[in-house]
Amino acid sequence: MHSFHYRDNRLFCEDSDLAQIAETYGTPLYVYSQHTVLDHFQRLNAALKGLDHEICYAVKANPNLTLLRLLNDAGAGFDIVSGGELYKVLSSGGSASKCTFAGVGKTREEIAYALHNEVLSFNVESEPELLAIQEVASSLGKTAPIAIRVNPDVDAATHKYISTGKSQNKFGIGLDRIEAVYELAAGLSHVKIVGVQTHIGSQIRESKPFVEALQKLVPLVKRLRQRYGIKFFSIGGGIGIVYQGSLESGREEWWSDETTKQGMTIEEYVTAVGPLLEDVGVRVLLEPGRFLVGNAGILLCRVLYIKETPVKRFVIIDAGMNDLIRPALYEGFHEIVAVDRNPKLDPIVADVVGPVCESGDFFALDRKISGCQSGDLLAVMSAGAYGFAMASNYNSRPLPAEVLVDGNSAQLIRRRQNYADLVEFELSVDED
Ligand code: LLP
């Protein structure tokens, strides 16, 4: 079953009519397809079946509790980067013992919280952090399981803000020093070496950078296994998805692993990395975020005005950069389609922009989109990952609601914020 497709020129998510969902829950609105999330999880799992592996969903991509619960029930572990993400996993019914805790700036409070809950591993990013973990663990009378993140110095050929595996990036420890840091860890009383980790970047659309990183790292993993008996090698996330050209080109599939010029299929990814991992002798962990949820979500919005100027046409919608910041921040491409396709209207070329007071508040620039009029619904596709997760209240705009579709049923999984929510946490200054 396809997740997003037209029926008689009307866009559906699974068997649910998106115009009706917008009518019920309002816009801007995030809508997710349960089928797509589970299908992507299962397809990745199936492609990896020859390998002792575990998929740890990168919570940062979309931390909605219902999605976490869905993936937990499907058998996923979690890659977390903050105490807040651990709290969310626990709140969704997930277990800390399936969480790897990454991030360059864990605070002592977060370390204590993770130790208390017994996470699977801390992914250590520097010597000072390693020593902080030792100190906190020792003060609590606990032993911290650790993996150290290696920075393999490879170019992931992605946007510079989401490239993490070059030596100038803040992440991990270089190959020249990594073994010395493992030796340091081995000498610490309240730290136990359990794994090794890497992550070279996000939205990577070819297998080459992954292969290059693994070629550099697998010999190291084998040495660490022999020396310290490590149990896992986490190869991170980063699998890119297709953002462009499925619905409008008339193809009905909306899978993230289509073979297009922009993408690599999941089979290609596994065929490229699988053989390199076959004899590492430890469990392989993967941390996909975008691959699992990116194409499972859209942002539904309504056209407020069409503004014509002598040099431009602007389609002004009721969603803004505060709801989906990817185009503004990474010049990320998201396909934009009409929910009700009107074959009588010619396509138009326009900037699709939001109401926020910045020229960076755009979803598309000089883009050919289906003809639309004020009041029409548009769908910003592929917004399931790093969409709601990065939304903010900028311009004092309430956060959108989120809906999960399963077949012909649509359920609210996060209510829309209201104006009262915008002032809830503010305190007045004492006047005395
Ligand atoms: N593991 C680690 C250590 C990470 O830092 C990340 C993402 C992932 C896994 C998951 O990567 P994925 O499979 O989703 O590519 N906001 C940006 C993406 C930031 C990614 C940050 N780290 C965007 O919207 O493109």
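These figures come from a predicted structure and were not determined experimentally. Residue indices begin from 1 for each chain and proceed along its sequence in written order. For this predicted model, a pLDDT threshold of at least 70 governs which residues receive local features, and a threshold of 80 or more governs which side-chain atom pairs are given and counted, while totals over whole chains, interfaces and linings are taken from all residues. As a convention, hydrogens and water are excluded, and side-chain values are obtained from all of the structure's heavy atoms.

Observations regarding the domain arrangement of the chain
Just so you know, the domain bounds were taken from an automatic or database domain assignment. Taken as a whole, the chain is organised into domain 1 (34–288) and domain 2 (297–418). In this analysis, two residues are considered to be in contact whenever any of their non-hydrogen atoms come within 4.5 Å of each other. Between domain 1 and domain 2, the residue contacts involve 21 residues of the former and 22 residues of the latter. Joining two parts hides part of their accessible area as seen by a 1.4 Å probe, and the buried area is that hidden amount summed over both. The contact between domain 1 and domain 2 buries some 2,000 Å² in all, and 54% of this surface belongs to carbon and sulfur atoms. Only one rule defines a salt bridge in this text: a Lys or Arg side-chain nitrogen within 4 Å of an Asp or Glu carboxyl oxygen. Applying the counting rule to domain 1 against domain 2 returns zero salt bridges. For this analysis, a polar contact is any N or O atom pair within 3.5 Å, provided that within protein one partner can donate a hydrogen and the other can accept it, and provided that sequence-adjacent residues contribute only side-chain to side-chain pairs. On the surface where domain 1 and domain 2 come into contact, there are four residue pairs in polar contact (both at pLDDT 80 or more).

Examining the packing of aromatic side chains
Here the distance between the centres and the angle between the planes together describe a pair of aromatic rings. Side-chain rings of Phe, Tyr and Trp, where Trp is taken by its six-membered ring, are said to pair if the distance between their centres is within 6.5 Å; with planes under 30 degrees apart they count as stacked, over 60 as edge-to-face, and otherwise as tilted. The tally for this structure, following the rule as stated, stands at six aromatic pairs. On the numbers, 6.0 Å between centres and 80 degrees between planes, the contact of Tyr30 with Phe388 is edge-to-face. Here Phe388 lies in the loop between β19 (377–380) and β20 (401–406) and Tyr30 lies in strand β4 (residues 29–33), a separation of 358 residues in the sequence. We note that Tyr30, like Phe388, is buried. Measuring from ring centre to ring centre gives 5.0 Å for Phe210 and Tyr269, while their planes differ by 80 degrees; the resulting arrangement is edge-to-face. Separated by 59 residues along the polypeptide, Phe210 in helix α8 (residues 208–228) and Tyr269 in helix α9 (residues 266–277) bring together distant segments of the chain. Pairwise contacts between aromatic rings join Tyr30, Tyr32 and Phe388 into one cluster. Only when the NZ atom of a Lys or the CZ atom of an Arg is both within 6 Å of the ring centre and within 35 degrees of the ring normal do we say a charge sits over the ring. When the ring centre of Tyr6 is taken as origin, the NZ or CZ atom of Arg341, which lies over that ring, is 3.5 Å away. Above the plane of the ring of Phe333 lies Arg367, whose end atom (NZ or CZ) is 3.8 Å from the centre. Only DSSP runs of H or I reaching four residues or more are called helices, and only runs of E reaching two or more are called strands; each is numbered from the N terminus. Per-residue accessibility, obtained with a 1.4 Å probe over protein chains only, is compared with the maximum for each type, and a residue is labelled buried under 20%, exposed over 50%, and partly exposed between these values.

Structural notes on the site of the ligand
Looking at the ligand, there are 18 residues lining it, with Ser202, Glu287, Arg326, Tyr330 and Tyr386 nearest. One of the backbone N or O atoms of Gly289 is found 2.9 Å from an oxygen atom in the ligand. For the ligand, an oxygen atom lies 2.6 Å from a polar atom in the side chain of Tyr386. Relative to its free-state accessible area of 590 Å², the ligand is covered by the protein chains to the extent of 92%. In terms of residue class, the shell around the ligand is built from six nonpolar, six polar and six charged. One heavy atom within 4 Å of a molecule or strand makes the whole residue count as near it. Per-residue accessibility takes into account occlusion by the displayed protein chains alone, with areas from the Shrake-Rupley method and a 1.4 Å probe. Each residue is assigned to one class: nonpolar for Ala, Val, Leu, Ile, Met, Phe, Trp, Tyr, Cys and Pro, charged for Asp, Glu, Lys and Arg, and polar for all the others, Gly among them.

Some words on the nonpolar core
Judged by nonpolar contacts, the single largest core of 104 residues is most densely connected at Phe122, Ile146, Tyr269, Leu277 and Val315. Considering each element in turn, this core owes the most residues, nine residues, to α8. In terms of domain composition, this core takes at least three residues from each of domain 1 (34–288) and domain 2 (297–418). The residues contacting Val315, other than those within four sequence positions of it, are Val303, Tyr305, Ile306, Ile348, Ala350, Asp351, Val352, Val353, Ile369, Cys372 and Leu378. By size, the runner-up hydrophobic cluster in this structure holds 20 residues, among which are Val339, Leu377, Met381 and Ala401. The nonpolar core is taken to be a set of buried Ala, Val, Leu, Ile, Met, Phe, Trp, Tyr and Cys residues, with the residues joined through side-chain atoms within 4.5 Å.

Focus: the confidence of the model for the chain
Per-residue confidence for the chain averages 93 on the pLDDT scale, and 95% of its residues sit at or above 70. Taken together, the stretch residues 249–260 has pLDDT below 50 and engages in 48 contacts with residues farther than four places along the chain or on a different chain. Note on scores: pLDDT gives the predictor's confidence for each residue, bounded by 0 and 100.

Considering helix α5 (residues 108–117)
Count 3.6 residues to each turn of an α-helix, and residues three or four apart come out pointing the same way. Along α5, the positions that sit buried rather than exposed are Glu110, Ile111, Ala114 and Leu115. Buried residues of α5, seen end-on, are gathered within an arc of 135 degrees and therefore sit on one face of the element. Turned more than 90 degrees from where α5 packs its buried face, Glu109 and His116 sit exposed. In the core, the buried residues of α5 are packed alongside α4 (83–91), β7 (99–101), β8 (121–124), α6 (127–140) and β9 (144–151). Positive phi appears at Glu118, one or two residues downstream of α5, with a value of about 65 degrees. The arc refers to the directions leading from the helix axis to the C-beta atoms.

Looking at the state of the cysteines
When two cysteine sulfur atoms are found within 2.5 Å, that pair is recorded as a disulfide. Counted under the stated rule, the structure contains zero disulfides. In this model Cys56 remains outside any disulfide bridge; the closest cysteine sulfur is found in Cys99, 8.0 Å from its own. Of the residues examined, Cys99 reaches a relative accessible area of 0% and is grouped as buried.

Some words on the pattern of salt bridges
Scanning the model with the defined rule gives 21 salt bridges in all. Residue Glu179 pairs with Arg227 through a salt bridge whose shortest N-O separation is 3.0 Å. In this pair, Glu179 is assigned in helix α7 (residues 175–186) and Arg227 in helix α8, connecting sequence segments 48 residues apart. Taking the relative accessible area as the measure of exposure, Glu179 reaches 23% and is therefore partly exposed. Among the ionic pairs, Arg397 bridges to Asp323, the shortest N-O distance being 2.9 Å.

Describing the sheet that holds strand β2 (residues 10–13)
The strand order across the open sheet formed by three strands is β1-β2-β3, and the pairing between neighbours is antiparallel. Of all the strands in the sheet, just β1 (4–7) and β3 (16–17) have a single pairing partner and so form its edges. Any two strands are treated as partners once DSSP identifies two or more bridges connecting them. With two bridges connecting them, β2 and β3 associate as antiparallel partners. Bridge pairing in β3 links Cys13 to Ser16.

Re the side chain of Ser3
Within the element layout of this structure, Ser3 appears in the segment before β1. Overall, Ser3 belongs to the buried group, its relative accessible area being 2%.

Notes on the environment of Gly274
Within the element layout of this structure, Gly274 appears in helix α9. Between the alpha carbons of Gly274 and Ala47 there is a distance of 9.4 Å; along the sequence they are 227 residues apart.

Some points on the environment of Asp153
Mapped onto the elements, Asp153 comes out in the loop between β9 and β10 (173–174). Judged by relative accessible area, Asp153 falls into the partly exposed class, the value being 32%. C-alpha of Asp153 to C-alpha of Ala213: the two residues are 60 residues apart in sequence and 7.9 Å apart in space. Apart from residues lying up to four places away in sequence, Asp153 is in contact with Gly165, Lys166, Ser167 and Lys216.

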